[in-house]
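# Chains, contacts and geometry: an overview
Residues per chain are reported as follows:
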Amino acid sequence: MPLKLFFIVLCLLVQSCNSQKNATPEQEQILEDAKANFVFVEGGAFTMGKNGVSIAREHQVTLDSYSISKYETTFKEFDVYTKFNGLDKVQPNWRDDKGLCQNCAVTFINWYQAKAYCQWLGEQLNLSIDLPTEAQWEYAARSRGLDVEHATDSGKIEGSFTEKRNYPVYDTIVGAYPPNPLGIYDMSGGRPEWTNDWLALYSKEPVVNPRFDSIVSGTVKVIRGFHKLSNSVYIRSSREPEQDGFGGGFRCVCNQKTPIE
């Protein structure tokens, strides 16, 4: 190899090495905690949707096993992502003026930010992580398809769930409400959550691992988990993916058919 070419290659290698960022011990701990908080959801068949609830027509769905985050993504976790990638901190004014809690679910996040975080987390943990499909979200919220209205320990809205909360909500720490039988928190009573899918009518025929993230004509992304006093695990809503002003948050899934080790 000519000497000049050797030095060019060496320079590129050095620049490449220098451009790679290493997480601090604190960041690594937060990443490990995020990994440990995934709950394994054994796949199976269930009746998704509920006739008479908006556009949530009942249909048969079969899903592969996967894991979903026990909690909605927190400000603390999202801060690791933004700092690591040199991005602006979200909600800086509230943090400076009102001491926003770090263990509260991150909010006012658009779909692109939510998806980028989940995929980045997957890169850091070497796992296939993304936003949940709508079917994955509902199957987990209903504890593998139970016939319930809410993702709570009893399947009902009661106690603190019925309390009227001020909007915007900044002070609800994740895990403030009892989990559903799978051990997943705040899928009813937490933030409305982004899913991976574009809004589409449910199929009339049985489907396996339905995905609606590549619809060419899609204009709005599905949001699930609005705080409703009836049928909160079935209610479907949607927003344009760039919208961030409705107080939404998100959680991630790991698309691995076996439990995370």
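Structure: see above.
Structural notes, computed from the coordinates. (Residues numbered from 1 in each chain as written. Predicted model: local features only at pLDDT ≥ 70, side-chain atom pairs only at ≥ 80, totals over all residues. Heavy atoms only, no water.)

## Digging into the overall build of the chain
To be explicit about the condition: Working definition: helices are DSSP H or I runs of at least four residues, strands are E runs of at least two. Numbering for both runs from the N terminus. Exposure is judged per residue with a 1.4 Å probe applied to protein chains only, and the accessible area is read against the type maximum: over 50% gives exposed, under 20% gives buried, and values in between give partly exposed. Pairs of residues are marked as contacts when any of their non-hydrogen atoms sit within 4.5 Å. Accessible surface is estimated by sampling points in the Shrake-Rupley manner with a 1.4 Å probe; for residues, cover comes only from the protein chains shown.
Summing up its helical and strand segments, the chain has six helices and 10 strands in all. Considering the chain as a whole, with its 261 residues, one finds that 49% of them fall into the buried category. Of the contacts made within the chain by residues no fewer than 6 positions apart, 75% connect residues no fewer than 24 positions apart. Split by element, the accessible area of the chain, about 13200 Å² in all, is 51% carbon and sulfur.

## Concerning the sheet that holds strand S10 (residues 253-254)
Quick note on the threshold: Only strands that DSSP links by at least two bridges are regarded as paired with each other.
Read from one edge to the other, the open sheet built from four strands follows the order S1-S4-S10-S5, with strand pairing classed as antiparallel. In the strand order of this sheet, the two ends are held by strand S1 (38-41) and strand S5 (129-130), each with one partner. Sheet analysis places S5 next to S10, joined by two bridges and oriented antiparallel. Directly across from Asp130, in S10, lies its bridge partner Val253.

## Looking at the packing of helix H2 (residues 25-36) against helix H5 (residues 111-125)
Definition in use: Lines fitted to C-alpha atoms define the axes here, with helix axes fitted over just the stretch in contact, and angles between the N-to-C directions of these axes take values from 0 to 180 degrees. Should an angle fall under 35 degrees it is taken as roughly parallel, and over 145 as roughly antiparallel, whereas 65 to 115 is taken as roughly perpendicular and any remaining angle as oblique. Here the term charged refers only to Asp, Glu, Lys and Arg, the term nonpolar to Ala, Val, Leu, Ile, Met, Phe, Trp, Tyr, Cys and Pro, and the term polar to all other amino acids, Gly among them.
Direction vectors running N to C along H2 and H5 enclose 105°, while the axes themselves pass 11 Å from each other. Comparing their axes, H5 and H2 come out roughly perpendicular. Judged by residue contacts, Leu31, Glu32, Ala34 and Lys35 of H2 engage Trp120, Leu121, Gln124 and Leu125 from H5. Of the residues that constitute the contact of H2 with H5, the class distribution is five nonpolar, one polar and two charged.

## Observations concerning a nonpolar patch on the surface
Put simply, the rule is: Only residues whose relative accessible area exceeds 30% and that form no salt bridge enter a patch; like-charged residues are grouped when within 9 Å of one another, and nonpolar side chains (Val, Leu, Ile, Met, Phe, Trp, Tyr) when within 5 Å. Any carboxyl oxygen of Asp or Glu that lies within 4 Å of a side-chain nitrogen of Lys or Arg is treated as forming a salt bridge with it.
Nonpolar side chains collect at one region of the surface, where Ile55, Leu199 and Leu201 lie side by side and expose about 260 Å² of accessible area between them. The topology assignment puts Ile55 in the loop between strand S2 (44-48) and strand S3 (59-63).

## Notes on the packing of aromatic side chains
Here the distance between the centres and the angle between the planes together describe a pair of aromatic rings. What counts, and what does not: Pairing of aromatic side chains here covers Phe, Tyr and the six-membered ring of Trp, requires ring centres within 6.5 Å, and sorts the geometry by plane angle: under 30 degrees stacked, over 60 edge-to-face, intermediate tilted. Our definition puts a charge over a ring when NZ of Lys or CZ of Arg is within 6 Å of the ring centre and also within 35 degrees of the ring normal.
Counted under the stated rule, the structure contains 12 aromatic pairs. Between Phe78 and Phe250 the ring centres are 6.2 Å apart and the planes differ by 75°, which places this aromatic pair in the edge-to-face class. In this pair, Phe78 is assigned in helix H3 (residues 75-84) and Phe250 in the loop between strand S9 (237-239) and S10, connecting sequence segments 172 residues apart. For the pair formed by Phe78 and Phe250, the shared burial category is buried. For the cation-ring pair, Lys221 lies above Trp198, with the distance from its terminal atom to the ring centre recorded as 3.9 Å. We note Arg239 situated over the ring of Phe246; from NZ or CZ to the ring centre the distance is 5.1 Å.

## Notes on the side chain of Arg224
The condition is simple: Within 3.5 Å is the distance limit for a polar contact, defined as a pair of N or O atoms, with the added protein rule that one can donate a hydrogen and the other accept it, and that residues adjacent in sequence qualify only through two side-chain atoms.
Mapped onto the secondary structure, Arg224 falls in strand S8 (residues 221-224). At 2.9 Å, the side chain of Arg224 and the side chain of Glu138 are in polar contact. A distance of 2.4 Å separates a polar side-chain atom of Arg224 from the backbone oxygen of Val233.

## Examining the packing of H2 against H3
Convention followed: Each crossing is labelled by how the near helix is turned from the far one, with a counterclockwise turn of less than a right angle marking it left-handed and a clockwise turn marking it right-handed.
One can describe the packing of H2 onto H3 by two numbers: an axis separation of 10 Å at closest approach and a directional angle of 130°. Between H2 and H3, the angle falls in the class oblique. Both H2 and H3 take part in a crossing whose hand is left-handed. Facing H2, whose interface residues are Gln27, Ile30 and Ala34, H3 presents Lys76, Glu77, Val80, Lys83 and Phe84. Here the residues of the contact of H2 with H3 are counted per class, giving four nonpolar, one polar and three charged.

## A short note on the side chain of Ser188
Along the chain, the position of Ser188 falls in the loop between helix H6 (134-141) and strand S6 (193-198). A residue is classified by how much of its surface remains accessible, and Ser188, at 1% relative accessible area, is buried. Polar contacts involving the side chain of Ser188 include one to the main-chain amide nitrogen of Ala151, which spans 2.9 Å.

## Examining the pattern of salt bridges
In the structure shown here, the tally under the stated rule is eight salt bridges. One salt bridge in this structure joins Glu193 and Arg251, with 2.8 Å as the shortest N-O distance. Taken as a pair, Glu193 in strand S6 and Arg251 in the loop between S9 and S10 lie far apart in primary sequence, 58 residues in all. By relative accessible area, which is 0% here, Glu193 ends up buried. Since its relative accessible area comes to 0%, Arg251 is described here as buried.

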